[in-house]
Amino acid sequence: MDIVIIGTGNVATVLGHAMRQAGHSIVQVYGRNAEKAESLALQLQSKATTQLEEISLHAGLYMIAVADKAISEIANQLRLKDAMVVHTAGSVPLHLLQTISANHGVLYPLQSLRAPHLPTAPVPLMVHANSTENLEMLLRFAKTISPIVQPCNDDNRLHLHLAAVLVNNFTNHLYKLAWDYCQQQGLDFQLLLPIIQETAQRVSAYPPAEVQTGPANRKDVSTMDRHLAMLQDNPDLKAMYQMMSSSIMDSKN
């Protein structure tokens, strides 16, 4: 399929490479920044443009992969008649694309994507469309670039997006706090990688509640008090420790 990519960021880059590897042709890349558009177009053996009015009208699919707040701006300017257009956002409703084309949908990658690093595991794709026929077409297309494809309406996609923030963004912030703490104490954060990996492996096989460990899970108040005393000079991390410990203990009731 001939595809036009609107955007030059992480999602545009990673999905663009996945589409090319699946045998699709990226015929054009649009970006406001000429250097970034040219760079991605070169990677995808495509052509670049910085003007929406110069976007080709002969592609089979148009993928809008820009920041959530920029999608409405694109929707106010781009007109594609009956061409299939999708966005890739987790929290933006489908209907925002209805002014662009009569045929529109969503291709949401349920993964943290960072260019230039291509994902090491399959990227789940959540698919939605404004008609049964368009949904079937997008599902077929999505299956060419990922083995994990599922229909997902606006409401479910938003809930998944929130859950993804919890397990990815919030968890990574905890890693960052632990990294900072290790730096302050002259400790090697790399020593924590095996426990991080072990926990991730466990939740792939069991419900998280069944693999919870630690002093809060045991209601080991003595150990928690010692930890809190160690955090007297780090009030933000202390508050985080107290909040998480209370939540873990409450979940055991």
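Placed above this text is the structure.
Given the structure is predicted, the values throughout are model-derived calculations rather than measurements. (Residues numbered from 1 in each chain as written. Predicted model: local features only at pLDDT ≥ 70, side-chain atom pairs only at ≥ 80, totals over all residues. Heavy atoms only, no water.)

Here we come to the overall build of the protein chain. What the protein chain contains, in helices and strands, is nine helices and eight strands. Seen along its three principal axes, the alpha-carbon backbone of the protein chain occupies a region of about 70 × 40 × 30 Å. Taking all 253 residues of the protein chain together, the buried fraction comes to 36%. Contacts in the protein chain between residues at least 24 apart in sequence constitute 48% of all its contacts with a sequence separation of at least 6. On the protein chain, roughly 14,900 Å² of surface is accessible, and the fraction owed to carbon and sulfur atoms is 53%. (Helix = DSSP H or I, 4+ residues; strand = E, 2+ residues; numbered from the N terminus. Buried < 20%, exposed > 50% of the residue type's maximum accessible area, 1.4 Å probe, protein only. Contact = heavy atoms within 4.5 Å. Areas by Shrake-Rupley, 256 points an atom, 1.4 Å probe, with all protein chains shown as cover.)

With a phi angle near 55 degrees, Lys 81 is a residue other than glycine that sits in the positive phi range. Counting through the fold element by element, Lys 81 comes out in strand β5 (residues 81-87). Owing to a relative accessible area of 72%, Lys 81 belongs among the exposed residues under this scheme. Even without being a glycine, Lys 219 presents a positive backbone phi close to 55 degrees. On the secondary structure map, Lys 219 appears in the loop between α7 (215-218) and α8 (221-230). Judged by relative accessible area, Lys 219 falls into the partly exposed class, the value being 41%.

Okay, the packing of helix α5 (residues 154-185) against helix α9 (residues 235-251) next. One way to put it is that α5 packs onto α9 with a least axis distance of 12 Å and a crossing angle of 130 degrees. The angle between α5 and α9 falls in the class oblique. Between α5 and α9 lies a crossing whose hand is left-handed. Residues His 173, Leu 174, Leu 177 and Tyr 181 of α5 pack against Leu 237, Met 240 and Met 244 of α9. Looking at side-chain class alone, the contact of α5 with α9 contains six nonpolar, one polar and no charged residues. (Axes fitted to C-alpha atoms, helices over the stretch in contact; angles between N-to-C directions. Parallel < 35°, antiparallel > 145°, perpendicular 65-115°, else oblique. Left-handed = near helix turned anticlockwise from the far one by under 90°. Nonpolar A, V, L, I, M, F, W, Y, C, P; charged D, E, K, R; others polar.)

Reading across the sheet, the eight strands line up as β3-β2-β1-β4-β5-β6-β7-β8 and stay open at both edges, with mixed pairing between neighbours. At either margin of the open sheet sits one strand with a lone partner, and together these are β3 (48-49) and β8 (149-151). Both strand β7 (residues 125-129) and β8 contribute to a ladder of three bridges, which runs parallel. Bridge pairing in β8 places Leu 125 opposite Val 149. (Pairing = 2+ DSSP bridges.)

Next up on the list: the environment of Val 167. Summarising the element assignment, Val 167 is placed in helix α5. Sequence separation of Val 167 and Ile 74 is 93 residues, and the distance between their C-alpha atoms is 30 Å.

Within the largest apolar cluster, 29 residues are counted, with the highest numbers of intra-cluster contacts made by Met 19, Leu 107, Leu 125 and Leu 138. Secondary-structure elements contributing two or more residues to this core are β1 (2-6), α1 (10-21), β2 (25-30), α2 (34-43), β4 (61-64), β5, β7 and α4 (132-142). No other element matches the five residues that α4 contributes to this core. In this structure, Met 19 is in contact with Ile 3, His 24, Ile 26, Met 63, Leu 107, Phe 141 and Ile 145, ignoring residues within four places of it in sequence. (Core = buried A, V, L, I, M, F, W, Y, C linked by side-chain atoms within 4.5 Å.)

Time to look at the environment of His 104. Its location among the elements puts His 104 in strand β6 (residues 101-109). Along the backbone, His 104 and Asn 130 are 26 residues apart, and their C-alpha atoms lie at a distance of 6.0 Å. Ignoring sequence-local partners within four residues, the contact set of His 104 consists of Met 84, Val 85, Leu 94, Leu 97, Gln 98, Ala 129, Asn 130 and Asn 134.

Per the stated rule, a full pass over the model turns up four salt bridges. The partner of Arg 157 in a salt bridge is Asp 154, and the shortest N-O contact between them spans 3.0 Å. Of this pair, Arg 157 and Asp 154 both sit in helix α5, three residues apart, roughly one helical turn. Arg 157 gets classed as buried once you look at its relative accessible area, which sits at 1%. (Salt bridge = Lys/Arg side-chain N within 4 Å of Asp/Glu carboxyl O.)

Below, the discussion takes up the side chain of Asn 134. With respect to the element layout, Asn 134 can be found in helix α4. Only 3.1 Å separates the side chain of Asn 134 from the side chain of Asn 103, close enough to count as a polar contact. Residues contacting Asn 134, with those up to four places away along its chain left out, are Met 84, Asn 103, His 104 and Ala 129. (Polar contact = N/O pair within 3.5 Å; in protein donor to acceptor, adjacent residues only side chain to side chain.)

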